[in-house]
Amino acid sequence: MAATPPPPTKTPAPVYVPATPTPRGPDKLEAGAALDRLTAGNIRFVAQQMQYPDQAAERRLQAAQAQAPFAAVLCCADACTPPEVIFDQGLNDLYVVRVAGNVTDDPIIGSLEYAAERLGVSLMVVLGHTKCGAVRAALETIYLGAETPAHINSLVKAIEPAVQAALMKPGDPWLNAITANIQLTVTHLQSSPPTLAQKVKAKELQIVGALYDLDTGWVEFLPASTP
Ligand SMILES: [Zn+2]
């Protein structure tokens, strides 16, 4: 005769404890100072004089207490463009959102709103790059009628306005479209209600475009546009 199994023990329901708001970290910087820090890191990267800051175990432990980046970056998913590397930064320095072609949609804007609203970043960088394959795909769709498979088409659709905006400009149409795509994304974020638009208007947040050169490693910050 089989032994009677013991009655199941009742596990108490977990208690949800709301997280306390993330405090503003010691690395909180105003937009100008944040831009200077990114520029200095990029200079170190280009000169191959990296310091690899904020990557030791003690930084990891300190960072685990509270997320406190000094800037947010929206950049392409391209494997050659990791912001922490090209700006020579470390843990808890940058809040990074990556998507092919550095385009926006609701979840991406929501992610950036979190950085502005909850983490208090004053600087947001839209970082495109030379030879961007996502922009190339949009160009080929428009110029050559090329077909893009499955969900890649959604990226092409998001980049098409930039290709159209750059159509009549002299020079390299690929680079022109890449630059226009950065600028359109900046403009879109600057006017995105409610959070980003309000913070830009109140001058609590600066959103700038930047172009990373895959060959030289330089990041060129593009002229500011006002919403
Ligand atoms: Zn790209």
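### Focus: the environment of Leu189
Relative to the assigned elements, Leu189 resides in helix α7 (residues 173–190). In this structure, the C-alpha to C-alpha distance between Leu189 and Thr104, residues 85 residues apart in sequence, is 8.2 Å.

### Regarding the packing of helix α6 (residues 152–166) against α7
Two elements in contact, α6 and α7, have axes whose closest approach is 8 Å; the angle formed by their N-to-C orientations is 120°. Overall, the two elements α6 and α7 adopt an arrangement that is oblique. The way α6 lies across α7 gives a crossing that is right-handed. Across the interface between the two elements, Ile159, Pro161, Ala162, Val163, Ala165 and Ala166 from α6 touch Pro173, Asn176, Ala177, Ala180, Asn181 and Leu184 from α7.

### As for the pairing of strand β3 (residues 123–129)
With seven of seven residues buried, β3 is to be regarded as a mostly interior element. Relative to strand β4 (residues 206–212), β3 is paired through seven bridges, and the arrangement is parallel. Following the sheet pairing, His129 is matched in β4 by Tyr212.

### Re the pairing of strand β1 (residues 71–75)
Within β1, five of the five residues are buried, leaving the element largely enclosed by the surrounding structure. Neither face of β1 is left uncovered, since the one carrying Ala71, Val73 and Cys75 and the one carrying Ala72 and Leu74 both have all their residues buried. The pairing of β1 with strand β2 (residues 94–98) spans five bridges and is classified as parallel. Residue pairing in the sheet places Leu74 in a bridge with Val97 of β2. The pairing of β1 with β3 spans four bridges and is parallel. Note that in β3 the partner of Val73 across the bridge is Val125.

### Some points on the nonpolar core
By size, the foremost hydrophobic cluster in this structure holds 51 residues, and its most contacted members are Ala71, Val125 and Ile159. Once residues lying within four places of it in the same chain are set aside, the contact partners of Val125 are Leu38, Ala71, Val73, Val208 and Ala210.

### Some words on the sheet that holds strand β5 (residues 219–221)
In spatial order, the strands read β2-β1-β3-β4-β5; together these five strands make up an open sheet with mixed pairing. In this open sheet, the two edge strands, each paired with only one partner strand, are β2 and β5. Adjacent strand axes in the sheet meet at a mean angle of 25°, parallel and antiparallel pairs treated alike. Packing against the sheet, α7 makes contact with β3 and β4, and its axis sits at approximately 165° to β4.

Scoring rules and cut-offs
Residues numbered from 1 in each chain as written. Predicted model: local features only at pLDDT ≥ 70, side-chain atom pairs only at ≥ 80, totals over all residues. Helix = DSSP H or I, 4+ residues; strand = E, 2+ residues; numbered from the N terminus. Axes fitted to C-alpha atoms, helices over the stretch in contact; angles between N-to-C directions. Parallel < 35°, antiparallel > 145°, perpendicular 65-115°, else oblique. Left-handed = near helix turned anticlockwise from the far one by under 90°. Contact = placed C-beta atoms within 7 Å. Buried ≥ 20, exposed ≤ 12 C-beta atoms within 10 Å, placed from the backbone. Pairing = 2+ DSSP bridges. Core = buried A, V, L, I, M, F, W, Y, C linked by C-beta atoms within 7 Å.

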